[in-house]
Every structure is written in C-alpha cells, then in structure tokens.
Amino acid sequence: MTTTRRPRLNIGAVRSSFAPWTDPALEPLVRFEGVTKRFGAETAVNDVSLSIYESEFFALLGPSGCGKTTLMRLLAGFETPDAGRITLAGQDLAGMPPHQRPVNMMFQSYALFPHLSVEQNIAFGLKQQGMPKGQIADRVVEMLELVRLGGLARRKPHQLSGGQRQRVALARAIAPNPKMLLLDEPLAALDKKLREETQFELIALQQRLGMTFLIVTHDQEEAMVTADRIAVMREGQIVQIGRPAEVYETPNSRYVADFIGDVNLFEGAVTAADGKVVKMATADCPAGFEALEDDAVSVGSTAWLGVRPEKIQLHLDPPKEGPNRLAGKVADYGYLGDWTTYVVELESGRTVRAARANASRLVARPIACDDAVWLTFAPDAAVVLTR
Amino acid sequence: MKGPSTFNRVSVVAGLAFLYLPILLLVIYSFNASRLVTVWGGFSTKWYGALLRDQQLLDAIGVTLRVGLISATLATVLGVLAAVALVRSGRFKGRLLFSGMIFAPLVMPEVVLGLSLLLLFVAFGLPRGFWTVTVSHATVTLCYATVVIQARLVSFDKALEEAARDLGCTPVQAFFAVTLPNIAPAVAAAWMLAFTLSLDDLVIASFTSGPGATTLPMRIYSQVRLGVSPEINAVSTLLIGLVATGVIGVYLVQQRRARVADLGAA
C-alpha cells in the first residue's frame, strides 16, 4: 500500500522499534487474502488483503458503514466471506464455526450475560473449554485482578457502572487466552475522560499479555493512541495502512488526510518537481507553494497540497514575501483551552484553519475577528497529494 | 393535582359494577346456607363441603387440571420453537405466511375452531376423549404463547447469543445457556396464560371432548341447565380464585421481566 518514500527525517514525533511487518521472513498471525463480503446488492468488504502480526495492536479505522465491523465479524466467524480466504496461524478458517475459532471478541454492547454474575461471566468461556473447576476459579481471580474488579465478583451486570461492565467484557474475552482479541468499538459507550484513561489501560494490558489485539473504531484518536498500525477503510476497502504517525503525516490521499485530523487542502498545478521539492501555482499566493516531494509527481498535473492547522504559523505583522505565504483576515475562532483554532478568510474568499497552542496565560496582542493576519508554513510541513 | 371529575367517578363505578357485580353475587351466594339460590339464608361453607363429596365434580376438576397442565406445557414448548423461528431465522421463505398462520387463531371464532378440530378428529377416526381435548387446547393456546415469547425475543440482544458462541458454545448450547434463562420469565408467563385459557374453555372442549373426559366448565354448564345449585356457585368461586391467581401471576412475572430488562438496558 505504501510506496517507497525517500527518507530524509523520521516521520512523526515518536520512535518505536516494534515493526514485525517490515520483516519479510516473518509469518503473519492473520492473513486476509482478497476477502469480499456482500449483503444483497451491498458490498460491505471489497477484495481486502491484510496481514496482522503476532503481538501487534492493530486498528481498523473508518466511518460507520465502511465495512470495518464486517471484516472483524468475518474473522470471528459470524459472517462467511463470498470470496477470498482468511488464515489464522497458517490455518484456513473457512467453514470453521465461531465456537471453534481461537479468537475472542469484545462486543460493542459488551453483551454481558445478565443472568450471570461477574465471575460466572468470566468463567463462561473457560467452562466451555472444559477447564477443571479449581483452575477456573484461579483464572477468574487472575482476570478480576487484571482488570481491577476484585470486590465485584458476585455482582450482576446491571449492578455495575458502564466502565466496570466494559472491564468485565474485556476480562471475559481475555480469560480463555485467545490467539487474538477482537475489540468492536470497545470504548464508544464511555464518557470522554474515562475513554482516554481506558485507552492507556488497553495499551498496558496488551503489552503485559503480549496478545494480538484487533480494534475496530470510528474514533481516530482512539486508533492513533492505541494502535501499532492503523488500516484506514473506505467503502469496503483499505485505503492506507501505516503507523499512526505515518497515516497522519504522510497520508496517501485527500480522503485519508481529511478523515484523520483536520487539514487545509489547496488545489494547484504542478509547475516544477526536481525529486526534492515540488512547486505549485496557486491563486492564493503569488510566489506559489513549495513542498517536499515524498512521491514522484509529474509537472503539469493537478495536485493538492495538504497542510495541517497546527503546522501553519499565524503572523500579526506581514512576513517577507515568498512561497507558502497567505494573507487574509480572521473570520472566526474557536478557543479550546489548550489550543485556539483560527478560521482565516483569504482574499480569494476561501478559508484556512490555523491552530495555535496557548503556551502562556497572558498574551500581549490578542487576536480578534477581522484582524489582518498572515499565514506561513514550511515546505516540510505540507504534503503533496495526487488523489 | 385535581381529582377525577364526578362524571368520571360515576362512569368508573358503573363500569366496574357492570363487570364485577355478577361475580360478586356469585361469590356471596356460594356462602349461602339456603338451598334456594336467590334467598339469603345466612352464612355457611356447607356447599364447599358438599363439593368435596361430589365425585363427578371432583373428577371434572381433575380432568381440567390435567388437560391444562399438559396442553399448557405442549403449547409453551411449541411456542418457544415458533417464536425462535420467527425472530431468529431472519427472512426465510414463507416467513410471512408462517407468522400469519400462527396468529390467525387469535381472531378466529372459537366455534369455528372447535368444529374444525372435531371434523379433523372424526376424519381421522380418533376416539374423542382426554387426549383430543388436550391437543385441541394446545393448538388454540399455542398462538397466545408464541405472541408472549416472541415479544420478549424481539427485544433480546442477539449479541448475547453471539458472545456465547464466541466463547465456545454451539448454537444449541448458546440457546440453552444464555437465551432460555433470559427469556424464562416470558416462557413462564406464556405457560400460565395457556393454562388459564385451557382452564376456563368451554367451547373447544364441548366440541372435542368425549365420554369420560368432561372438563369442569362443561360439568358446570350441564348442571346449570338442570337448575342452579349453590354447589355450582362454590366451585365457580374456586375457579375464579384459580384464574385470578394465574392472571396476577402472569402480571407479576411480566413486571419482574420489565424491571430486569430496564436494568439490563441501562
């Protein structure tokens, strides 16, 4: 999916040595090969090929209806593919019913059994495995400690808070020690604060267990924080796979750039490309745009320049003339506390979003609507998109 | 808050009186010491005593209870199967026809049902008796049981069954381990409803019963034709008590179900 890029600096702000997908000798844990699933006339999953590696935290990210949940249900065995095959640890899963698959799923609704207590819920899968009673009791205690629900073993699900139910569902899915844990929108029902905490708990849990996690989410922040790699989906297809920083900083299309985070997109004609720098003509800046050339682009073609709001500098005094310089006035702003987002209207009438960190409490020259401002960005802050 | 208007009070009292005055009179006269039904001769429980010595009436009670127990159980088991087929199987061929045919007897005149069942038994040359009444009651109460169970299954989260299968259950195991315990209140309510319906049925039983299988409503009806005796009042009072207990039982079970469902959804 990712084409070869010319490395200059590292992409993103964090460094990770865990990258099994870069090792061609390594056999993936799960392999989707040309998998297609139709519901009537609707194609939910369209010719998807995907490899997920042992101990990886992998996220399927996309808007609702993009096929991400169907892809997960195909792996769990609740749906049967119309074409293609799915293998787990080298074994073809075709025709294998859900109860025989060594994967467990945590459901979006949690699907806790209302007639069973917390400990009985967690023991459910172990009983089905035929584990001896004594071992089940030990394993349940271990799981309760793992998700910090020690005192609640005898409660019924309806006596628990949303966060506690979420942890019971997690413990129940982990208890049978599956080869892979599937999480369907695991945090969607939690409020924002709890969701953020739980994201980090999930990562800690995954690293402690060394278990392979596959998470399905429509929340880009959830995917970015938790996952080693993200697959961005659109209309049943995967449009980009990469580390969170790769997907954010080097999106391969306008769709990905726009879906993950905020982006300003400028359309323009490519006037020069020398392998290092791309020059584009635009009505918004007399000197044109300049950006690093990640992928080869051809002169004369139409391209889009994507610039994230936080990578744009806002000036109250005119900076010197040159490329990547835009003039306009503040049309609107949103104060978020940590950040302020400014909507700047250019002379051409189009608007550009620029974000500024509120690094200090007191500001000498506060900005108001209708103030004249100038925007600049560095060539390595912008990404050239050809589709 | 302002109370109900005088008009509303009067209409409620009149309506309740219309419904319950005859029943109240019956209950009161079952404690009448006099043999004459319409003359009050003081309080007595002697007709309840007489009831215990009336072997024919006791036999009829026995038949009614056995018919009720067996037919209600049969109707409930079949009702669970029908409800599962209707709710879980998605869009199978002939689903609409199947559901229509399940619910049609709800609105079919009882006389027509009774007659058609009678014709069926005659056509097959089956001797009419205990089993024909039982099977007929199961047939008629089946649709009521299905409606009750189906209503519960529709609101039952399918993810629970999937979770059970994900954790190692075959579909059948998942049904018994997860689905059945969760719809149990509705199943119990369906059973009680079927039992109550069987208990007070006269029309179907009259058509499909035979010698030696006279149910209590049939016995009461035939005795009344010979003249109302206080003993009939006594047995009717007992019947009212039994049916009321059944109906209240269904209500309480449904209440509990609704409460659990609320908590589950919260």
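Here the structure is a predicted model, which means the values were calculated and not measured.

**Considering the overall build of chain A**
So, point 1. When you go through chain A residue by residue, the secondary structure sums to eight helices and 20 strands.
So, point 2. Dimensions along the principal axes, computed over C-alpha positions, put chain A at roughly 75 × 50 × 40 Å.
So, point 3. Within chain A, the fraction of its 387 residues that count as buried is 49%.
So, point 4. Surface accessibility of chain A: about 18500 Å² in total, with carbon and sulfur atoms responsible for 49%.
So, point 5. Of the side chains in chain A, 43 bear a positive and 46 a negative charge, and the two mean positions are spaced by 5 Å.

**Digging into the overall build of chain B**
So, point 1. Secondary structure summary: chain B contains eleven helices and zero strands in total.
So, point 2. When the helices and strands of chain B are read in sequence order from the N terminus, they spell out α-α-α-α-α-α-α-α-α-α-α.
So, point 3. In terms of overall dimensions, chain B has C-alpha extents of about 70 × 65 × 30 Å along its principal axes.
So, point 4. When the 266 residues of chain B are sorted by exposure, 40% land in the buried category.
So, point 5. For chain B, the computed accessible surface area is about 14600 Å², with 72% contributed by carbon and sulfur atoms.
So, point 6. Computed over 19 positive and 11 negative side-chain charges, the inter-centroid distance for chain B is 5 Å.

**Digging into the sheet that holds strand β20 (residues 382-385) of chain A**
All names here are of chain A.
So, point 1. The strand order across the open sheet built from five strands is β13-β12-β11-β14-β20, with neighbouring strands paired in antiparallel fashion. Looking at strand neighbours, the two that pair on one side only are β13 (285-292) and β20, the edges of this open sheet. Recorded for the sheet is a direction-independent mean angle of 45° between the axes of neighbouring strands.
So, point 2. Sheet analysis places strand β12 (residues 277-282) next to β13, joined by five bridges and oriented antiparallel. Paired with Lys279 across the strands is Glu290, a residue of β13.

**Details of the sheet that holds strand β8 (residues 212-217) of chain A**
Residue and element names in this part refer to chain A.
So, point 1. If you trace the six strands from one edge of the open sheet to the other, you get β6-β7-β8-β3-β9-β10, paired in mixed fashion. Two strands in the sheet have a free side with no partner beyond their single neighbour: β6 (103-106) and β10 (237-242). Ignoring strand direction, the axes of neighbouring strands in this sheet form an average angle of 20°.
So, point 2. Alignment of strand β7 (residues 180-184) against β8, held across five bridges, turns out to be parallel. Looking across to β8, one finds that Leu182 is bridged to Leu214.
So, point 3. Strands β6 and β7 of the sheet are contacted by helix α4 (residues 162-174), whose axis makes an angle of about 175° with β6.

**Description of the pattern of salt bridges**
Residue and element names in this part refer to chain A.
So, point 1. What the rule picks out here adds up to 19 salt bridges over all chains.
So, point 2. Between Asp317 and Arg365 there is a salt bridge, with the nearest N and O atoms lying 3.3 Å from each other. Of this pair, Asp317 sits in the loop between β15 (313-315) and β16 (325-335) while Arg365 is found in the loop between β18 (351-357) and β19 (372-376), placing the two residues 48 residues apart along the sequence.
So, point 3. When its relative accessible area of 46% is taken as the criterion, Arg365 is described as partly exposed.
So, point 4. Among the ionic contacts, a cluster of salt bridges with common partners joins Glu27, Arg31, Glu33, Arg85 and Asp92.

**Description of a nonpolar patch on the surface**
Residues and elements named next belong to chain B.
So, point 1. A cluster of nonpolar residues, Val12, Leu16, Phe18, Leu19, Tyr20, Ile23 and Ile240, forms a patch on the protein surface that exposes about 710 Å² of accessible area.
So, point 2. Top contributing element to the nonpolar patch by residue count: helix α1 (residues 6-29), with six residues.
So, point 3. Relative to the helices and strands, Val12 resides in helix α1.
So, point 4. Taking relative accessible area as the criterion, Val12 reaches 48% and is therefore assigned partly exposed.

**Observations regarding the interface of chain B and chain A**
So, point 1. At the junction of the two partners, chain B supplies 20 residues and chain A supplies 22 residues.
So, point 2. Of the roughly 1900 Å² buried between chain B and chain A, counting both surfaces, carbon and sulfur atoms make up 60%.
So, point 3. When the buried surface of chain B facing chain A is broken down by residue, Glu162, Asp166 and Leu167 of chain B rank first, second and third, together holding 35% of it.
So, point 4. Joining chain B to chain A, the criterion identifies one salt bridge.
So, point 5. Applying the counting rule to chain B against chain A returns seven residue pairs in polar contact (both at pLDDT 80 or more).
So, point 6. Those elements that place two or more of their residues in the side of chain B that touches chain A are α7 (158-166), α8 (171-199) and α11 (230-265) of chain B.
So, point 7. At seven residues, α7 of chain B tops the list of elements feeding residues into the side of chain B that touches chain A.

**Focus: the packing of aromatic side chains**
All names here are of chain A.
So, point 1. Following the criterion strictly, the structure yields 14 aromatic pairs over all chains and no others.
So, point 2. Relative to Phe124, the ring of Phe113 lies with its centre 4.6 Å away and its plane at 50°, an arrangement referred to as tilted. Of this pair, Phe113 sits in the loop between β6 and α2 (118-129) while Phe124 is found in helix α2, placing the two residues eleven residues apart along the sequence. Accessibility classification places Phe113 together with Phe124 in one group, the buried group.
So, point 3. Here a set of aromatic residues connected by ring pairs shows up, and it is made of Phe266, Phe289 and Phe377.

**Some words on the domain arrangement of chain A**
Residue and element names in this part refer to chain A.
So, point 1. Considered domain by domain, chain A is made up of domain 1 (20-102 + 178-256) and domain 2 (262-385).
So, point 2. Placing the centre of domain 1 and that of domain 2 at their C-alpha centroids yields a distance of 34 Å.
So, point 3. Between domain 1 and domain 2, the residue contacts involve eight residues of the former and eight residues of the latter.
So, point 4. Of the roughly 710 Å² buried between domain 1 and domain 2, counting both surfaces, carbon and sulfur atoms make up 54%.
So, point 5. Three residues stand out in domain 1 for area buried against domain 2, namely Tyr248, Pro251 and Arg254, and they jointly supply 72% of the buried area on that side.

**Brief notes about the pairing of β19 of chain A**
All names here are of chain A.
So, point 1. Counting buried residues along β19, four of its five residues qualify, which places the element largely inside the surrounding structure.
So, point 2. Pairing of β15 with β19 involves three bridges; the strand directions are antiparallel. When the sheet's bridge partners are listed, Gln313 is paired in β19 with Thr376.

**With respect to the side chain of Arg172 of chain A**
So, point 1. Among the secondary structure elements, Arg172 of chain A is positioned in helix α4.
So, point 2. Here the side chain of Arg172 of chain A touches Ala111 of chain A through a polar contact of 2.9 Å, landing on its backbone oxygen.
So, point 3. The residues touching Arg172 of chain A, leaving out its near neighbours within four places in the chain, are Tyr110, Ala111, Leu112, Phe113, Asn121 and Ile122 of chain A together with Ala163 and Leu167 of chain B.

**Focus on the packing of helix α3 (residues 55-88) of chain B against α8 of chain B**
Residue and element names in this part refer to chain B.
So, point 1. For the pair α3 and α8, the least separation of the axes is 8 Å and the interaxial angle reads 140°. By the angle class used here, α3 and α8 are oblique. In the packing of α3 onto α8, the handedness of the crossing is right-handed. Between α3 and α8, the residues in contact are Thr64, Leu65, Val67, Gly68, Leu69, Ser71, Ala72, Thr73, Ala75, Thr76, Val80 and Val84 and Phe175, Val187, Ala190, Trp191, Ala194, Phe195, Ser198 and Leu199, respectively.

Conventions we followed
Residues numbered from 1 in each chain as written. Chains lettered and ligands numbered in written order. Predicted model: local features only at pLDDT ≥ 70, side-chain atom pairs only at ≥ 80, totals over all residues. Heavy atoms only, no water. Helix = DSSP H or I, 4+ residues; strand = E, 2+ residues; numbered from the N terminus. Buried < 20%, exposed > 50% of the residue type's maximum accessible area, 1.4 Å probe, protein only. Areas by Shrake-Rupley, 256 points an atom, 1.4 Å probe, with all protein chains shown as cover. Lys, Arg positive; Asp, Glu negative; His and termini not counted. Charge placed at Lys NZ, Arg CZ, Asp CG, Glu CD. Pairing = 2+ DSSP bridges. Axes fitted to C-alpha atoms, helices over the stretch in contact; angles between N-to-C directions. Contact = heavy atoms within 4.5 Å. Salt bridge = Lys/Arg side-chain N within 4 Å of Asp/Glu carboxyl O. Patch = residues over 30% accessible without salt bridge, like charges linked within 9 Å, V, L, I, M, F, W, Y side chains within 5 Å. Buried area = accessible area lost by both parts, 1.4 Å probe. Polar contact = N/O pair within 3.5 Å; in protein donor to acceptor, adjacent residues only side chain to side chain. Phe/Tyr/Trp six-rings, centres within 6.5 Å; stacked < 30°, edge-to-face > 60°. Domains from an automatic or database assignment. Parallel < 35°, antiparallel > 145°, perpendicular 65-115°, else oblique. Left-handed = near helix turned anticlockwise from the far one by under 90°.

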